[in-house]
Amino acid sequence: PQTVYLSDYTPFGFVVERVELTFRLAPESTRVTSRIRFAPNPETTDRTFFLHGEELRLVSARIDGAEVTPDVTERGLTCAVPDAAFTWEAEVEIAPAKNTALEGLYMSNGMYCTQCEAEGFRKITYYPDRPDVMASFDVRIESDLPVMLSNGNPGAAGDGFAEWHDPWPKPAYLFALVAGELEARSDTFTTRSGTPVDLNLWVRPGDLPKTEWGLEALKKSMRWDEEVYGREYDLDVFNIVAVDDFNMGAMENKGLNIFNSSAVLASPDTSTDANFERIEAIIAHEYFHNWTGNRITCRDWFQLCLKEGLTVFRDSQFTADMRSAPVKRIGDVIDLRARQFPEDQGPLSHPVRPDSFQEINNFYTATVYEKGAEVIGMLKRLVGDDDYAKALDLYFERHDGQACTIEDWLTVFEDATGRDLSQFKRWYTQSGTPRLSVEERYEGSDYTLTFRQHTPTTPGQDEKAPQVLPIAVGLLSPNGDEVVPTTLLEMTEAEQSFTFPNMASRPVPSLLRGFSAPVVLEREASAEQRAFLLAHDTDPFCRWEAGRGLARAALMASVTEGAAPDVAYLDGLRQVVADPALDPAFRALMLQMPTQSELAQALAEAGTTPDPDAIFAAQEALMRAMAERWQDLLPDLAEQARVTQPYAPDAAQSGKRALGAAVLSLQTRLDGGTAARAQFDSADNMTLRLSALGCLVRADAADDALAAFEAAWSHDRLVMDKWFGIQIMLAPPAKAADRAAELTGHPAFEMTNPNRFRAVMGALASNHAGFHRADGAGYDLLAHWLGKLDAKNPQTAARMATAFQTWRRYDADRRARMQTALRTLRDRPGLSGDMSEMVGRLLG
Ligand code: B3K
Ligand code: ZN
């Protein structure tokens with residue numbers, strides 16, 4: 001595989017003025033004819049005519065009507081072309097039914113669909129498949145299927161054909177085509193300037209009852225983008241299609257979003273509150289891409305964060321507005337620490353804007369997406385809300401219709417605000433998680449905070465320069481009053497002090513409020529200080545963080561010293577959890593333990609080799625102690641968590657059910673599953689049913705319930721994914737790998753369906769102590785199946801190999817077993833480029 005470098009960027013020698021495509025669909029032999037108008041690109045003198053093309057059979061090619069014979073390789077073709085504008089025509093044959101990689105044109109349950117980002121269009125026809133080549137597309141589809149869709153607005157249609165015209169120039173990665181026996185739920189949205197837009201959510205017959213929520217989410221997103229960012233939709237129709245076989249969550253193709261059915265279909269009976277919230281967020285995310293991604297796209301794939309970081313940031317703002325902002329923020333921090341921190345602190349660490357790659361599919365990462373969004377959050381915090389709005393207006397005005405870079409983005413902010421962002425740019429180019437330590441001094445009436453920042457070296461980056469850190473700080477007086485409200489300190493040096501004068505007494509600092517920068521705060525706060533903040537902090541994030549810190553300390557003490565569960569912590573936490581004035585969703589978050597993987601990381605950093613079994617045992621012991629100590633409280637909490645109204649997946653009800661689930665999990669420690677079984681039997685929605693099932697699995701008392709669940713839901717693929725997943729994810733660690741191995745023999749296990757594969761293997765990887773079973777059974781099983789999947793679907797296989805990214809944390813024996821599993825995988829004949837890059841980086 002070849003490495004591509006950002007520094008090697010050169011523009012393409014030609015511009016594309018127009019693209020006409022005709023598809024004659026057939027499962028084994030689809031014919032694609034293209035007619036493309038090329039003209040010399042005035043921005044360059046290089047006239048090398050190279051078109052990407054992979055897995056295509058070229059039938060014929062013509063330039064200005066005359067037959068030509070291009071030089072064809074596995075990667076594409078070159079051809080001699082005229083000096084002036086010309087028309088290229090080609091006919092190719094492809095076999096969508098044989099496409100198990102789910103990239104390009106493929107089939108899912110008899111339906112044709114496409115996935116072109118990042119480099120899938122080259123599997124459809126010969127084309128300059130790079131995002132800086134933008135063109136308007138006219139598409140004709142021929143087949144006897146009732147529904148045939150492509151990008152843009154509908155054109156002529158008749159017996160056996162349909163035409164589509166997309167007036168907005170777009171890169172090929174936004175191309176989409178769908179054809180099949182589909183049904184739609186439809187609606188209309190009128191933009192604020194009065195233009196009606198037809199909305200359709202297309203599904204397989206039978207799935208229509210699961211479409212209401214998605215369509216509502218779409219309308220909310222369209223309204224929100226008008227109100228908050230001033231962005232209107234720009235076509236007559238907006239189509240969404242649900243597809244069962246899909247590598248990612250969803251794809252923002254212009255006017256024709258394609259969704260993994262798990263990311264759009266929902267009903268109370270089959271989906272959990274978390275599913276509903278996620279679907280709302282993904283619909284919003286893909287819709288928001290219409291402006292941040294489609295109207296303004298990326299010059300090259302190194303700039304991926306330009307659209308992804310910004311769009312994730314926008315969808316978080318949307319969710320914060322639709323639901324609870326503090327709960328959303330805390331959830332995002334949990335997710336960042338669980339997925340992005342391990343990536344940034346391990347062998348896969350890369351900058352938000354990488355500077356080289358072999359396979360771009362391997363860079364759709366938590367760093368590009370979630371850290372990319374954090375960087376935008378910091379920018380907004382630094383310049384303020386008004387200047388952020390000004391900058392975004394300028395961005396849309398200046399760059400509409402263009403393929404841009406991070407430099408363009410930062411220049412917009414510099415021009416709109418007059419700030420120099422050259423140091424801030426390091427957030428895009430420097431990898432690794434900065435570590436921030438702090439010292440306090442109280443002298444006279446001056447209170448001084450001295451911060452030091454330091455970023456450990458990461459692969460390929462030995463030197464790190466100080467980054468701009470927005471540190472939001474509040475100060476509390478010893479009686480719990482807030483004496484200094486949230487203040488933003490702007491740290492630019494490696495070491496920097498900030499003084500607060502006239503402090504009558506020594507305050508207690510509340511640091512990094514709202515998680516104002518994605519750093520590790522290394523702070524030796526005492527248990528008393530944490531307990532104080534847990535009781536008094538006005539910032540919900542810091543309040544939650546204080547509780548989290550206490551839980552982490554208690555668990556680490558139990559692992560390293562065999563300490564008994566910390567009673568003071570349990571009593572402090574009880575005050576918060578029992579407070580009926582607090583949002584149940586927030587209280588549920590307070591009850592969530594630090595993850596076992598997070599503890600493993602914290603132990604490794606503290607110089608203790610993490611023992612997954614000991615971590616599991618410590619967590620269980622703490623939960624049991626909590627349950628026993630709060631026995632009197634649990635019934636009351638369960639009552640507060642009870643929802644009496646008909647099911648609705650809104651923030652208020654979801655929060656109550658989340659609290660109820662945490663309580664049930666504690667209750668199960670006391671009764672072995674009686675209450676959980678009762679809830680499982682009486683549940684009238686999937687959220688209650690699944691949380692009960694999870695408790696039973698964890699108590700190793702789920703056999704009957706699992707059988708009943710399977711019997712009731714075997715007809716529903718998405719529900720069965722939950723069934724496969726939960727019994728592995730929450731299995732007692734000693735049983736997880738065997739359970740996963742057994743389920744790969746279940747008749748409904750289909751390795752080529754990414755959702756099902758993830759339901760089994762992803763669940764195994766997420767059962768920390770189960771995956772890290774001392775005899776290596778978890779490692780071997782995962783590596784074996786990743787090898788098998790790699791032969792069919794390299795993208796999903798390579799992505800799941802990231803389960804091994806923390807291997808260096810563990811003891812010598814486990815390390816050796818993981819290395820062996822990875823080497824065996826690496827040495828498989830015919831390994832894909834995706835997997836070969838991934839395993840190479842993992843082994844370092
Ligand atoms: N842009 C797509 C991701 C495509 C991934 C290709 N490997 C989904 C999204 O971020 O909205
Ligand atoms: Zn996206």
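Keep in mind it's a predicted model, so treat the numbers as computed, not measured.

1. As for the overall build of the protein chain
Secondary structure summary: the protein chain contains 27 helices and 31 strands in total. A compact globule built from 844 residues should have a C-alpha radius of gyration of about 28 Å, and the protein chain, at 27 Å, falls within 12% of that. Each principal axis of the C-alpha atoms in the protein chain carries an extent, and together these give about 85 × 65 × 60 Å. Within the protein chain, the fraction of its 844 residues that count as buried is 52%. Contacts in the protein chain between residues far apart in sequence, at least 24 positions, make up 70% of those at least 6 positions apart.

2. Considerations on the UniProt feature "domain: Peptidase M1 alanyl aminopeptidase C-terminal" (unreviewed entry) in the protein chain
UniProt tags residues 528–843 as "domain: Peptidase M1 alanyl aminopeptidase C-terminal" (unreviewed entry). Across residues 528–843, helical content stands at 72% and strand content at 0%; the span's end C-alpha atoms are separated by 42 Å.

3. Things to note about the packing of helix α22 (residues 754–766) against helix α24 (residues 777–790)
The relative placement of two packed helices is expressed as an angle between their axes plus a distance between the axes. Running from amino to carboxyl end, α22 crosses α24 at an angle of 150°, the nearest separation of the two axes being 10 Å. Put simply, α22 runs roughly antiparallel to α24. Relative to α24, the crossing made by α22 is left-handed. Residues Phe757, Met761, Leu764 and Ala765 of α22 touch α24, and the partners they reach there are Gly778, Leu781, Leu782, Trp785 and Leu789.

4. Some points on the pairing of strand β26 (residues 446–454)
Only one face of β26 is covered, namely the one carrying Tyr447, Leu449, Phe451 and Gln453; the face carrying Asp446, Thr448, Thr450, Arg452 and His454 has none of its residues buried. Judged from the nine bridges that link them, strand β25 (residues 435–443) and β26 form a sheet pairing that is antiparallel. In the sheet register, Ser437 faces β26, and the bridge partner there is Arg452. Here β25 folds back onto β26 in antiparallel fashion, the turn holding two residues, of which Gly444 has a positive phi close to 60°. Bridge count between β26 and strand β29 (residues 495–500): six bridges; the pairing is antiparallel. Within β29, the position partnered with Arg452 by the bridge is Glu495.

5. Points about the UniProt feature "domain: Peptidase M1 membrane alanine aminopeptidase" (unreviewed entry) in the protein chain
This chain's UniProt record puts "domain: Peptidase M1 membrane alanine aminopeptidase" (unreviewed entry) on residues 213–427. Helix makes up 55% of residues 213–427 and strand 9%, with an end-to-end C-alpha separation of 37 Å.

6. Here's the deal with α22
The α-helix advances 3.6 residues per turn, and as a result positions three or four apart in sequence lie on the same side. Within α22, the axis deviates most sharply at Val760, by approximately 30°. Judged by how many residues are buried, α22 sits mostly within the fold: twelve of 13 residues are covered. Of the residues making up α22, those classed as buried are Pro754, Asn755, Arg756, Phe757, Ala759, Val760, Met761, Gly762, Ala763, Leu764, Ala765 and Ser766. In this structure, the buried side of α22 is in contact with β21 (256–260), α20 (717–729), α21 (733–743), α23 (768–771), α24 and α25 (794–800).

7. Digging into the site of ligand 1
In the region of ligand 1, the neighbouring residues are Glu117, Ala118, Met248, Ala250, Met251, Glu252, His285, Glu286, His289, Glu308, Asn361 and Tyr364. Elements with a minimum of two residues in the shell around ligand 1: β20 (250–251) and α2 (273–288). Taken together, the residues of the shell around ligand 1 break down into five nonpolar, three polar and four charged. Counting contributing residues per domain, the shell around ligand 1 is built from domain 1 (4–288) and domain 2 (297–429), each supplying no fewer than three.

8. Details of the environment of Gln619
With respect to the helices and strands, the residue Gln619 is situated in helix α14 (residues 612–629). Gln619 gets classed as buried once you count the C-beta atoms within 10 Å, which come to 21. Separated by 25 residues in sequence, Gln619 and Pro594 have C-alpha atoms that sit 8.8 Å apart.

9. Some remarks on the sheet that holds strand β27 (residues 469–476)
Reading across the sheet, the three strands line up as β28-β27-β30 and stay open at both edges, with antiparallel pairing between neighbours. Strands with a single pairing partner mark the edges of an open sheet, and in this sheet they are β28 (482–491) and β30 (508–511). With direction set aside, neighbouring strand axes in the sheet form an average angle of 25°. Here four bridges tie β27 to β30, and the two strands are oriented antiparallel to one another. Across the sheet, the residue bridging to Leu476 is Val508, located in β30.

10. A look at the nonpolar core
Soluble, globular proteins show a tendency: their nonpolar side chains are buried together. By size, the foremost hydrophobic cluster in this structure holds 240 residues, and its most contacted members are Val178, Leu764 and Ala801. Among all residues touching Val178, those that are not within four sequence positions of it are Met111, Tyr112, Cys113, Leu149, Val241, Leu256 and Ile258.

11. Some points on helix α1 (residues 212–229)
The end-to-end C-alpha separation of α1 is 25 Å, in line with the 26 Å expected for 18 residues at 1.5 Å each. Residues of α1 that are buried: Trp213, Gly214, Leu215, Ala217, Leu218, Ser221, Met222, Trp224 and Asp225. Next to the buried residues of α1 lie β17 (183–190), β18 (196–203), β19 (237–243), α2 and α3 (304–322). Positioned one or two residues after α1, Gly230 has a phi angle of 65°, which is positive.

Cut-offs and rules
- Residues numbered from 1 in each chain as written.
- Chains lettered and ligands numbered in written order.
- Predicted model: local features only at pLDDT ≥ 70, side-chain atom pairs only at ≥ 80, totals over all residues.
- Helix = DSSP H or I, 4+ residues; strand = E, 2+ residues; numbered from the N terminus.
- Rg over C-alpha atoms; globule rule 2.2 N^0.38 Å.
- Buried ≥ 20, exposed ≤ 12 C-beta atoms within 10 Å, placed from the backbone.
- Contact = placed C-beta atoms within 7 Å.
- UniProt positions renumbered as here; feature names shortened; annotations may be inferred.
- Axes fitted to C-alpha atoms, helices over the stretch in contact; angles between N-to-C directions.
- Parallel < 35°, antiparallel > 145°, perpendicular 65-115°, else oblique.
- Left-handed = near helix turned anticlockwise from the far one by under 90°.
- Pairing = 2+ DSSP bridges.
- Bend = angle between axes of the 7 residues up to and from the residue.
- Near = placed C-beta within 6 Å.
- Nonpolar A, V, L, I, M, F, W, Y, C, P; charged D, E, K, R; others polar.
- Domains from an automatic or database assignment.
- Core = buried A, V, L, I, M, F, W, Y, C linked by C-beta atoms within 7 Å.
- Expected span 1.5 Å × (residues − 1).

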